[in-house]
Amino acid sequence: TEPESVTLRWLGVSGLTLQHRDAVLALDPFVTRPPLQRLFAGRVEPDEALATRLLPHCQAILITHAHFDHFMDAPGIARRTGALICGTPNTCALALALGVPQHQVRVVASGERLALPPFEIEVWPGDHPWIPGFAPGPLPVRLATPPRLRDYRMDGCLSYFVHLAGWRVLAYHAQRVVALPRADVLCLSMAQPAAFYEQVLQQVRPRLVIPLHWDDMFRPLDKPMRPFWAPPHRNALLLRRLSLGDFETLLAGLAPQVRVLAPQPLQEYDLSALCTA
């Protein structure tokens with residue numbers, strides 16, 4: 001049978017929503033854009049008014065890891081909508097500390113399967129590059145609210161494979177390749193070497209690739225998107241911004257049959273239209 005209608009929306013950074021009829025699933029929903037100067041000083045209140053406008057309803061929230069640019073808006077969304085938050089132990093401990101009821105929090109690990117109708121979710125491995133000041137570690141013993149950005153500490157990273165209305169969507173957050181499933185839509189970052197994408201594309205064989213986490217996480221959503229700085233490279237003498245054009249060219253050479261789409265933020269896309277265009 002043909003897949004049913006599913007709407008995808010990109011919230012910037014790694015944030016995505018998938019909607020089928022009235023059911024909404026959010027992955028790393030991050031809409032607050034803290035000023036850069038707050039990265040290591042001061043506290044940041046999540047923009048709950050914006051989150052309410054963008055996500056008035058939500059059934060479940062999948063969090064890859066507990067850094068602020070993946071998680072800080074999730075507790076407010078969960079408290080307001082009743083959504084279930086799924087993630088690592090640090091993610092769930094933060095959610096509880098920030099007022100999410102216990103019955104709305106679920107620790108998950110790679111290899112688990114979740115039945116959250118109409119969503120069927122498989123939890124897959126993930127990993128994260130080492131970042132000074134944001135390396136994995138325990139949560140603060142005393143967590144004041146609102147937290148400082150560096151209080152959102154990760155303890156691990158997950159990927160998610162979502163089955164919905166005949167569609168298979170893989171949000172892969174990793175720096176290394178494991179044995180991966182076939183999927184219609186592949187969402188992943190664009191800061192990896194060519195060999196990484198070659199292996200992933202050979203296994204997943206997607207019809208559509210959506211790059212994530214390429215934009216400036218400190219730039220408000222009402223301003224035009226701006227690429228973020230690329231990770232340092234041993235052959236690069238100067239900082240450079242990530243290039244969507246370079247990513248599209250790379251993937252076109254590796255898998256010319258695959259469509260690459262950098263969605264406009266907050267715009268709704270029908271997966272059927274994207275995958276048949």
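> Explain the overall build of the protein to me, and be specific about the residues and the numbers.
Each helix and strand counted, the protein has seven helices and 14 strands in total. In summary, the protein has a C-alpha radius of gyration of 18 Å against a globular reference of 19 Å for 277 residues, a match within 12%. A principal-axis box enclosing the C-alpha atoms of the protein has dimensions of 50 × 50 × 35 Å. For the protein, buried positions account for 51% of its 277 residues. Counting only contacts in the protein whose residues sit at least 6 apart along the sequence, the fraction spanning at least 24 positions is 58%. Element-wise, carbon and sulfur atoms account for 54% of the exposed surface of the protein, whose accessible area totals about 12700 Å².

> Go over the pattern of salt bridges, please, and point to the residues and values.
All told, the structure shown has ten salt bridges when counted by the stated rule. Where D151 meets R43, a salt bridge forms, and the shortest distance between an N and an O atom there is 3.9 Å. Remark: R43 occurs in the loop between strand 3 (23-27) and helix 1 (48-54) and D151 occurs in the loop between strand 8 (119-125) and strand 9 (158-164); sequence separation between them is 108 residues. A residue is classified by how much of its surface remains accessible, and R43, at 36% relative accessible area, is partly exposed. With a shortest N-O distance of 2.7 Å, E48 and R79 are connected by a salt bridge. With E48 in helix 1 and R79 in helix 3 (residues 74-81), the pair connects residues that are 31 residues apart, well separated along the chain. Its relative accessible area of 35% is what places E48 among the partly exposed residues.

> Requested: an account of the packing of aromatic side chains, with residues and values cited.
What characterises a pair of aromatic rings is the spacing of the ring centres plus the angle enclosed by the ring planes. As enumerated under the stated definition, the model contains ten aromatic pairs in all. Note on Y197 and F247: the rings are 5.4 Å apart at their centroids and 80° apart in plane angle, and the pair reads as edge-to-face. Taken together, the residues Y197 in helix 5 (residues 194-204) and F247 in helix 6 (residues 244-254) connect sequence positions 50 residues apart. Given the relative accessible area of 4%, F247 is considered buried.

> With reference to specific residues and values, describe helix 5.
Buried within helix 5 we find F196, Y197, V200, L201 and V204. The buried residues of helix 5 occupy an angular sector of 120° when projected down its axis, which confines them to one face. Looking at the buried side of helix 5, the elements it contacts are strand 10 (167-171), strand 11 (185-189), strand 12 (208-212) and helix 6. Phi turns positive, to about 50°, at R205, one or two residues after helix 5.

Scoring rules and cut-offs
Residues numbered from 1 in each chain as written. Predicted model: local features only at pLDDT ≥ 70, side-chain atom pairs only at ≥ 80, totals over all residues. Heavy atoms only, no water. Helix = DSSP H or I, 4+ residues; strand = E, 2+ residues; numbered from the N terminus. Rg over C-alpha atoms; globule rule 2.2 N^0.38 Å. Buried < 20%, exposed > 50% of the residue type's maximum accessible area, 1.4 Å probe, protein only. Contact = heavy atoms within 4.5 Å. Areas by Shrake-Rupley, 256 points an atom, 1.4 Å probe, with all protein chains shown as cover. Salt bridge = Lys/Arg side-chain N within 4 Å of Asp/Glu carboxyl O. Phe/Tyr/Trp six-rings, centres within 6.5 Å; stacked < 30°, edge-to-face > 60°. Arc of directions from axis to C-beta.

None of the figures reported here should be taken as evidence of function without further support.
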